[in-house]
Amino acid sequence: MNYLSMKHTAAAAMIAAALAGCSFAPPAKPPASPSPASYTVEPVADHSTEAGGVAQRFVPGARAVPEWWRSYGSDTLNGWVDEGLRNNPSLDAAKHTLEAVHQQFRAEVGDALLPSLDVGGQGSRQRALGTPVFGPPTNLYNVYAGQLNLSYNFDLFGAARYGVREAAAQVDLQSYEFDAARRTLAANIVVTAINASALAEQVTATERLTALAREQAELTARAYKLGSASHDDLLSAQQNAASLDASLPPLRTQAQRARHALATLLGRTPDQAPAALPWSQWHTPPEVPVSVPSDLLQQRPDVLAAEASVHAASAQVGVATANMFPRISLSASLGTGAFKTANLFTGAGEVWSVGAAFAQPLFHGGALRAQRKAAIANYDASVSQYKQTVLNAFQNVADSLVALNQDAQALQSAQSAAAAARESFDHSQARYKLGAVSYPVTLASEQRWQNTRLSDIQATAARLSDTAALFQAMGVQPSETPLAKD
């Protein structure tokens, strides 16, 4: 080899090494996320208005609570969530999907980065034409062969490495989606249980209101016969009783549906739905964590899944770029062949081969360049989706904080009204026993109290549900260390 050839060879080697060392992919880490000073437009106090004897404290800078549903202080609720996390078929499907993606990652590593070794054997009987003049016109013979084949693709430009990185990102993505599924299932069980209990309590209150309305209609009918009530008074009382009667069936249907939904979340059939948790057993969690924005992005599975999508899209660009450069592979085989089995493993039957292959794409009708542009477009889309996911996470927390603060104020008003109505009813009963007021006055007083109870139940349910929403908005700790983090 002359000096010029040696110079060209060295230059080619240097170029190949440089190309192998450079990055063909855009940054795998998404751009820096915004860091708002506060989640809401107007600053939220560090505690809510006191309602039901509880002024919820929003703990700034706290980390997400792993099993936040235990903050409600109900062993029954804890058992339901644990049962759902064990038996829910959708969550089980997500778990198996994660395992499948993890095994695909392992397959990608073994196929792309490691040599492949195959063993093969063959036995056949053949009939071939003989040589004219010499020997019989045809020959019958057996052929036996055994062989080991070894092959390896040199990943000079990183196509295999980027493919493995993409597969690892897919594992991370599925892992975070599994975390999100667990988080959503737990929240759905809690909210559905709250809804079922609230509806059951509303059914009880409405049944009492219906009974009172019927009694009032009967009293009005008697008064009408005696001439002490007008026909309009009678019609109004009858209409009120009929309206309340009509409101009960839909309310009972909602209560039954809530129980059916809870059974399905737990992995049970609807006929095995548990009884609604007694309303008196619900307790508002006194503290709710409010993580700082930077911590929030590391706790929410949806944000982490969006980040893993950026990793995968970046690796796809690397694969598409590396596919435009040369590919080199080595292959070797070692085996033995013979016409008789007795000679199969003798030195005379040994066969082997060694080879190298080089391929440089020259013309593919613009397909490779288009594939790279498509991968870049997908990467840009994943970055934009990540930014939107971050904004949605901040909005989710902000909405939950505002809702909880307003829920406490609404509940305080509802409970004040209910307390006043109950006190008025108690006074009416006492005065009725003394003969100071008529029974219809006491009846109307209880109706007002029962109506305020309905508002109290609805306000309490909203506060309990929005508390669960804020716990969920804080996210959870990742279940395992991501594979694709750079």
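It should be emphasised that the depicted structure is a prediction, and the values quoted were computed from it without experimental measurement.

A. Spatial organisation of the overall build of the chain. The helix and strand tally for the chain stands at 9 helices and 6 strands. Evaluated residue by residue, the chain yields a buried proportion of 39% over its 486 residues. For the chain, restricting intrachain contacts to residue pairs at least 6 apart in sequence, the fraction spanning at least 24 positions comes to 82%. Summed over all atoms, the accessible surface of the chain reaches about 26400 Å², with 56% contributed by carbon and sulfur.

B. Structural view of the layout of surface pockets. Volume-wise, the largest pocket comes out at about 400 Å³. As for the largest pocket, its lining consists of 24 residues, of which Asn-153, Phe-154, Asp-155, Ala-160 and Arg-327 are closest to the centre. At the level of elements, α3 (89-113), β3 (138-154), α4 (159-226) and β5 (327-338) are the ones that each hand at least two residues to the lining of the largest pocket. A breakdown of the residues in the lining of the largest pocket according to their chemical character gives 13 nonpolar, 7 polar and 4 charged.

C. Quick look at the environment of Ala-468. Topologically, Ala-468 is positioned in helix α9 (residues 439-473). Accessibility expressed as a relative area gives 1% for Ala-468, which makes it buried. For the pair Ala-468 and Ala-186, spaced 282 residues apart in sequence, the C-alpha separation works out to 9.3 Å. Filtering out sequence-adjacent residues up to four positions away, Ala-468 remains in contact with Trp-68, Tyr-72, Val-190 and Val-191.

D. The nonpolar core, seen in detail. Counting 57 residues, the largest nonpolar core has Trp-68, Tyr-72, Val-190 and Trp-282 as its most contacted members. Element by element, the count of residues in this core is highest for helix α8 (residues 367-433), at 11 residues. If near-sequence neighbours (up to four positions away) are discounted, Val-190 is found in contact with Trp-68, Trp-69, Tyr-72, Leu-77, Val-81, Trp-282 and Ala-468.

E. Focus on α4. For α4, built from 68 residues, the straight-helix expectation of 100 Å at 1.5 Å per residue is met to within 8% by its first-to-last C-alpha distance of 97 Å. Positive backbone phi, approximately 85°, marks Gly-227, located one or two places after α4.

F. Layout of the pattern of salt bridges. Inspection of every chain in the model, using the stated rule, returns 12 salt bridges. Note that Asp-295 and Arg-63 form a salt bridge whose closest N and O atoms lie 3.4 Å from each other. Of the two residues, Asp-295 is situated in helix α6 (residues 293-299) and Arg-63 in the loop between β1 (57-60) and α2 (75-87); the sequence distance between them amounts to 232 residues. Overall, Arg-63 belongs to the partly exposed group, its relative accessible area being 38%. Note that Arg-268 and Glu-83 form a salt bridge whose closest N and O atoms lie 2.8 Å from each other. One end of the pair, Arg-268, is in the loop between α5 (231-265) and β4 (287-290); the other, Glu-83, is in helix α2, and 185 residues separate them in sequence. Since its relative accessible area comes to 25%, Arg-268 is described here as partly exposed. A relative accessible area of 13% means that Glu-83 is categorised as buried. Each of Glu-67, Arg-70 and Asp-82 takes part in one network of salt bridges that share partners.

G. Geometry of α2. Between its first and last C-alpha atoms α2 spans 18 Å; for 13 residues at 1.5 Å apiece the expected length is 18 Å, and the two agree. Elements that come into contact with the buried residues of α2 comprise α3, α4 and α5.

H. Here's a closer look at the packing of aromatic side chains. Within the structure shown, the criterion is met by 9 aromatic pairs. Taking 5.4 Å as the distance between ring centres and 10° as the angle between the ring planes, the aromatic pair formed by Trp-68 and Phe-471 counts as stacked. With a gap of 403 residues between them, Trp-68 in the loop between β1 and α2 and Phe-471 in helix α9 connect regions that are remote in the sequence. Judged on exposure class, the residue Trp-68 and its partner Phe-471 are both buried. The interplanar angle of 25° and the centroid separation of 5.1 Å between the aromatic rings of Phe-157 and Phe-325 together place this pair among those described as stacked. A residue pair is termed long-range when its members are at least 10 positions apart, and Phe-157 in the loop between β3 and α4 and Phe-325 in the loop between α7 (301-322) and β5 qualify at 168 residues. Geometry around Trp-449 places Arg-422 over its ring, the cationic atom sitting 4.4 Å from the centre.

I. Quick look at the environment of Ser-280. Topologically, Ser-280 is positioned in the loop between α5 and β4. Judged by relative accessible area, Ser-280 falls into the exposed class, the value being 63%. Along the backbone, Ser-280 and Glu-201 are 79 residues apart, and their C-alpha atoms lie at a distance of 9.7 Å.

J. Spotlight on the environment of Tyr-176. For Tyr-176, the location among the structural elements is in helix α4. Once the C-alpha coordinates of Tyr-176 and Leu-304 are considered, the two residues, 128 residues apart in sequence, prove to be 6.5 Å apart.

K. Representation of the confidence of the model for the chain within the structure. Summarising the model, the chain shows a mean pLDDT of 87, and 89% of its residues fall at 70 or more. Within the chain, the lowest mean pLDDT, 39, falls on helix α1 (residues 3-21), and the highest, 96, falls on α2. Below a pLDDT of 50 lies the segment residues 1-21, which in the model reaches 9 contacts outside its immediate sequence neighbourhood of four places, other chains included.

L. Molecular detail of a nonpolar patch on the surface. Residues Leu-117, Val-119, Leu-148, Leu-150, Leu-334, Trp-352 and Val-354 make up a contiguous nonpolar surface patch of roughly 780 Å² in combined accessible area. In this structure, Trp-352 sits in strand β6 (residues 350-359).

Each value, and the rule that gives it
Residues numbered from 1 in each chain as written. Predicted model: local features only at pLDDT ≥ 70, side-chain atom pairs only at ≥ 80, totals over all residues. Heavy atoms only, no water. Helix = DSSP H or I, 4+ residues; strand = E, 2+ residues; numbered from the N terminus. Buried < 20%, exposed > 50% of the residue type's maximum accessible area, 1.4 Å probe, protein only. Contact = heavy atoms within 4.5 Å. Areas by Shrake-Rupley, 256 points an atom, 1.4 Å probe, with all protein chains shown as cover. 1 Å grid on protein atoms, 1.4 Å probe; cavity = no way out; pocket = protein on both sides within 12 Å on 5 of 7 lines; lining within 4 Å. Points joined across faces, edges and corners; volume = space filled by probe spheres on them. Nonpolar A, V, L, I, M, F, W, Y, C, P; charged D, E, K, R; others polar. Core = buried A, V, L, I, M, F, W, Y, C linked by side-chain atoms within 4.5 Å. Expected span 1.5 Å × (residues − 1). Salt bridge = Lys/Arg side-chain N within 4 Å of Asp/Glu carboxyl O. Phe/Tyr/Trp six-rings, centres within 6.5 Å; stacked < 30°, edge-to-face > 60°. Lys NZ or Arg CZ within 6 Å of the ring centre and 35° of its normal. pLDDT = per-residue confidence, 0-100. Patch = residues over 30% accessible without salt bridge, like charges linked within 9 Å, V, L, I, M, F, W, Y side chains within 5 Å.

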